[in-house]
There are 2 protein chains.
Amino acid sequence: MKLIAPFRIALLLAFAVIASATWAQSSDPLSSWNDGEAKSRIVKFVQAVTDDASKDHVPASDRIAVFDNDGTLWSEQPMYFQLAFAIDRVKVLAPKHPEWKARQPFKAALEGDAKALAASGEHGLVELIMATHAGNTADEFAQIVRDWLKSARHPKFNRPYTELTFKPMRELLDHLRANGFKVYIVSGGGVEFMRVFAEEVYGVPPEQVIGSSIKTKYELRDGKPAIVRLPEIDFIDDKAGKPVGIHKFVGRKPIAAFGNSDGDFQMLEWTTSGPGARLGLIVRHDDAEREFAYDRKSPIGRLDRALDEAGKRGWVVVSMKNDWKSVYAPVR
Amino acid sequence: MKLIAPFRIALLLAFAVIASATWAQSSDPLSSWNDGEAKSRIVKFVQAVTDDASKDHVPASDRIAVFDNDGTLWSEQPMYFQLAFAIDRVKVLAPKHPEWKARQPFKAALEGDAKALAASGEHGLVELIMATHAGNTADEFAQIVRDWLKSARHPKFNRPYTELTFKPMRELLDHLRANGFKVYIVSGGGVEFMRVFAEEVYGVPPEQVIGSSIKTKYELRDGKPAIVRLPEIDFIDDKAGKPVGIHKFVGRKPIAAFGNSDGDFQMLEWTTSGPGARLGLIVRHDDAEREFAYDRKSPIGRLDRALDEAGKRGWVVVSMKNDWKSVYAPVR
């Protein structure tokens, strides 16, 4: 049988359509989620905004969903993974900086003294980030992060950090994309740190990653154009900075927001302030056995006000322990 | 004949594929371009990067193209259209600011004194922008721009500014998108000004518009979440700021860049610094009859160094006069 090219393409498309229709009937896109209120509200929201006949229908171009990263898409204990990177980086750079042995927060980083590190406060943290994240080109920095992700292991699970992403949340990303959503990461973490792995791990391309940033400048290095990273804060994408970051990068209001801490409060508040159907969701870390359990008192990922107000604001609270069949993907 | 739903969809798809294949053979996607080197280099570049068998093939996800706006996608004479907006805005706000009658640059704006306005320099321009672009919410500002675009007319052509986009460039945007490119606007103009019309006029959604910006903050106004515009420069997306803006918003290097002035030099330099196939293109305003003619001496859209170096850098120089069959789309 000889077919002209367009017909062959059309036939292939026909098979693809039939195959995917069959597949959709037989498989649950959120198979790592236990049946319950959380799952059912996600499913109903997606149905409502994608159903042409629904009063809550939203055109595909406006289906923007925003996800916090630390604690929402992957773990964040016992310390933000990017902080572990910064500490490892201090160790690598220490031979060039003998003065660090006597100076905080570097001394604490070198000695693995978490208490002294915490005591150095926000100022100490900024100093640590600047010393380890600036000075090189964007390409060089990305390579350093790539190499670190390959070799570093999480202290509790002894697995690469990129294997500590939440399977149910990855399914949710896929489910939203399959329904025409454009999915963004909106995180307090460094944008150039996350962009290194976001596409491979979450399927989120660099231009859909919004995060904190340091300033950069364009210059010729040995005659070659480069983006050079400067030791100066550009933008902090946390708390009230999250809606600002979304407005800056996306330019319109999302219809769904996913977070896990009070740092996501304003992003959830802004997203769910309507009009039309909106989904706000909080991942609650209540699973000490499979992951970690923490909320109101935790210095990392504190969940307090957002938990108090979730009910009256209509935000879904996901219990990691009860709503998730599994937390991480099985080790390959 | 009764078909189950997937089969009917497949048949519809089949017809769509056949129809578009037929269409592609009979129509020239760049029909407003005269045959010549400029058109042929564009066509060849797109063929090379989309051809699986070509050594220059680029996967669709890396097909990023960046376009300057003023002077590249629409006209910019006798003044940047956004400056015309700012001056009209000064007139609207003047009753609330009696002191403006005696104070530059406002006096010049109110009296239509272009010379005095120019003499107020960059500082005056910033003052004008802050007084007319800040203080309201993002939604309010967008509505003001929308209303202005409806009523304002270009002094030479007596047409709405949004009708002064270049037809050949709009064809080029479409041609690139039809070949899997993701197209960004990267302009010195204000991002929140451009986002109002970019989707309707160019088909470029808000999240693919990069521009200069003022700072914003998130706050509750009468209990409602809002993004409020502050009278403080956040980012100038011009000259060396363009590669910085692209890196910040897109996070990877484009493979094609389109500009018209020395303000686009670094964007062209960065984009065409490889590796692989790259396209840099400059629109030259040499058509006094149909648009405007200006280059090395013009305070607006000065084209000097980029013109000198275009040849050795392999950038295509488009003559508006010779390469374009028409400049604007016909008035409806």
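Anything mentioned here points back to the structure above.
Thresholds applied
Residues numbered from 1 in each chain as written. Chains lettered and ligands numbered in written order. Predicted model: local features only at pLDDT ≥ 70, side-chain atom pairs only at ≥ 80, totals over all residues. Heavy atoms only, no water. Helix = DSSP H or I, 4+ residues; strand = E, 2+ residues; numbered from the N terminus. Rg over C-alpha atoms; globule rule 2.2 N^0.38 Å. Buried < 20%, exposed > 50% of the residue type's maximum accessible area, 1.4 Å probe, protein only. Areas by Shrake-Rupley, 256 points an atom, 1.4 Å probe, with all protein chains shown as cover. Lys, Arg positive; Asp, Glu negative; His and termini not counted. Charge placed at Lys NZ, Arg CZ, Asp CG, Glu CD. Pairing = 2+ DSSP bridges. Axes fitted to C-alpha atoms, helices over the stretch in contact; angles between N-to-C directions. Contact = heavy atoms within 4.5 Å.

## Digging into the overall build of chain A
Looking only at helices and strands, one finds 13 helices and 7 strands in chain A. For chain A, the C-alpha radius of gyration of 22 Å lies close to 20 Å, the compact-globule estimate for 332 residues. Looking at chain A residue by residue over its 332 residues, the buried ones come to 54%. Of the roughly 15,200 Å² of accessible surface on chain A, 55% is carried by carbon and sulfur atoms. For chain A, the separation between the mean place of its 46 positive charges and that of its 44 negative charges on side chains is 2 Å.

## Observations concerning the sheet that holds strand β1 (residues 64-67) of chain B
Residue and element names in this part refer to chain B. Overall, mixed pairing links the 7 strands, which are arranged β4-β3-β2-β1-β5-β6-β7 in an open sheet. With one partner strand each, in any of the chains shown, β4 (224-235) and β7 (316-319) form the two edges of the open sheet. Adjacent strand axes in the sheet meet at a mean angle of 30 degrees, parallel and antiparallel pairs treated alike. Bridge count between strand β5 (residues 256-259) and strand β6 (residues 279-284): 4 bridges; the pairing is parallel. Across the sheet, the residue bridging to Ala257 is Gly280, located in β6. Contacts between helix α8 (residues 167-178) and the sheet are confined to β1, β2 (182-190), β5 and β6, with β1 contributing the most and set at about 165 degrees to the helix.

## Details of unusual backbone geometry
Residue and element names in this part refer to chain A. With an omega dihedral of 0 degrees, the bond running from Gly274 to Pro275 counts as a cis peptide bond. With respect to the secondary-structure elements, Pro275 resides in the loop between α11 (265-271) and β6 (279-284). For Lys239, which is not glycine, the phi torsion reads 55 degrees and is therefore positive. For Lys239, the location among the structural elements is in the loop between β4 (224-235) and α10 (241-249).

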